[in-house]
Amino acid sequence: MLYKYQPENEKVVMGILTMSQRSHQIEFLQEEIQWYEDGANRNLYLWKDQFNNWAGVIGIEENPQWLLMRKMILTPDADTYFNAFRVLDNLKTLYPNQHIIGTLHNQEVITRWERNNE
């Protein structure tokens, strides 16, 4: 299940972000979180797995026609296509009228998810 980022979850988000970032500097991670918070059309979500553990961070940019998934970072134990598809299903539930698109880094998982849902 997806939960919109709240400041009290900053440490959890920063911990998950460090799993895929080139920089583990706290200032860099805080700037990235702030970038999402400052944008009216940008959001960070935390994802809980089936065991109710924080297991992912999803960064999106919203547009009336599309939803750009800028990042999806899952913890190592949750990093499977099955879980990525669950995250995308959750996003589609939250944004039913927008087409989900990705970056060069994550478009493949979105394409697989779309094919799986055909």
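Everything numeric in this text was worked out from a predicted model, so none of it was measured.

Peer 1: How should I be thinking about the nonpolar core in this particular structure?
Peer 2: Taken as a class, soluble globular proteins show a tendency for nonpolar side chains to be buried jointly. If you look at the biggest cluster of nonpolar residues, it comprises 21 residues, and the most contacted ones within it are Trp47, Ile58, Met69, Met72, Leu88 and Leu91. At the level of elements, β2 (42-48), β3 (54-62), β4 (66-74), α3 (81-94) and α4 (107-116) are the ones that each hand at least two residues to this core. Considering each element in turn, this core owes the most residues, five residues, to α3. The residues contacting Met69, other than those within four sequence positions of it, are Ile58, Gly59, Ile60, Leu88, Leu91, Ile101, Gly102, Thr103, Asn106, Val109 and Ile110. Core analysis: the next-biggest nonpolar cluster, separate from the first, contains 12 residues, Ile16, Leu44, Val57 and Ile73 among them.

Peer 1: What is the right way to read the pairing of β4 from this model?
Peer 2: Looking down a regular strand, the side chains alternate between one sheet face and the other. Of all the nine residues making up β4, seven are buried; the element is thus mostly covered by neighbouring parts of the structure. Across seven bridges, the pairing between β3 and β4 is antiparallel. From the neighbouring strand, Val57 faces β4, where its bridge partner is Ile73. Here β4 pairs with strand β5 (residues 99-102) via four bridges, running parallel. By the bridge assignment, Trp66 is partnered in β5 with His99.

Peer 1: Whenever I open this one, the pattern of salt bridges confuses me. Can you help?
Peer 2: Pairing of side chains with opposite charge becomes possible as their charged atoms draw close. Across all of its chains, the model carries three salt bridges by this definition. A salt bridge links Glu61 to Arg70; its shortest N-O distance comes to 2.6 Å. Judged by relative accessible area, Arg70 falls into the partly exposed class, the value being 33%.

Peer 1: Got a minute to help me understand the environment of Ala55 in this structure?
Peer 2: Following the sequence through the fold, Ala55 ends up in strand β3. On the basis of relative accessible area, Ala55 is assigned to the buried category, the value being 1%. Residues Ala55 and Pro76, 21 residues apart in the sequence, show an inter-C-alpha distance of 8.6 Å. Here Ala55 is in contact with Ile16, Trp47, Lys48, Asp49, Ile73, Leu74, Thr75 and Ala78, once residues within four sequence places are set aside.

Peer 1: I'm lost on the packing of aromatic side chains in this one. Help?
Peer 2: Here a ring pair, both rings aromatic, is described through the centre-centre distance and the interplanar angle of the planes. According to the stated counting rule, one finds four aromatic pairs in the structure shown. With 5.5 Å between their ring centres and 85 degrees between their planes, Tyr3 and Trp54 make a pair best called edge-to-face. Of this pair, Tyr3 sits in strand β1 (residues 2-4) while Trp54 sits in strand β3, placing them 51 residues apart in sequence. Among the residues examined, Tyr3 registers a relative accessible area of 32% and is labelled partly exposed. Of the residues examined, Trp54 reaches a relative accessible area of 30% and is grouped as partly exposed. Pairing Tyr45 with Tyr95 gives two aromatic rings, centres 6.4 Å apart and planes at 80 degrees, and the pair type is edge-to-face. Pair noted here: Tyr45 is in strand β2 and Tyr95 is in the loop between α3 and β5, with a separation of 50 residues, a long-range link.

Parameters at a glance
- Residues numbered from 1 in each chain as written.
- Predicted model: local features only at pLDDT ≥ 70, side-chain atom pairs only at ≥ 80, totals over all residues.
- Heavy atoms only, no water.
- Core = buried A, V, L, I, M, F, W, Y, C linked by side-chain atoms within 4.5 Å.
- Buried < 20%, exposed > 50% of the residue type's maximum accessible area, 1.4 Å probe, protein only.
- Helix = DSSP H or I, 4+ residues; strand = E, 2+ residues; numbered from the N terminus.
- Contact = heavy atoms within 4.5 Å.
- Pairing = 2+ DSSP bridges.
- Salt bridge = Lys/Arg side-chain N within 4 Å of Asp/Glu carboxyl O.
- Phe/Tyr/Trp six-rings, centres within 6.5 Å; stacked < 30°, edge-to-face > 60°.

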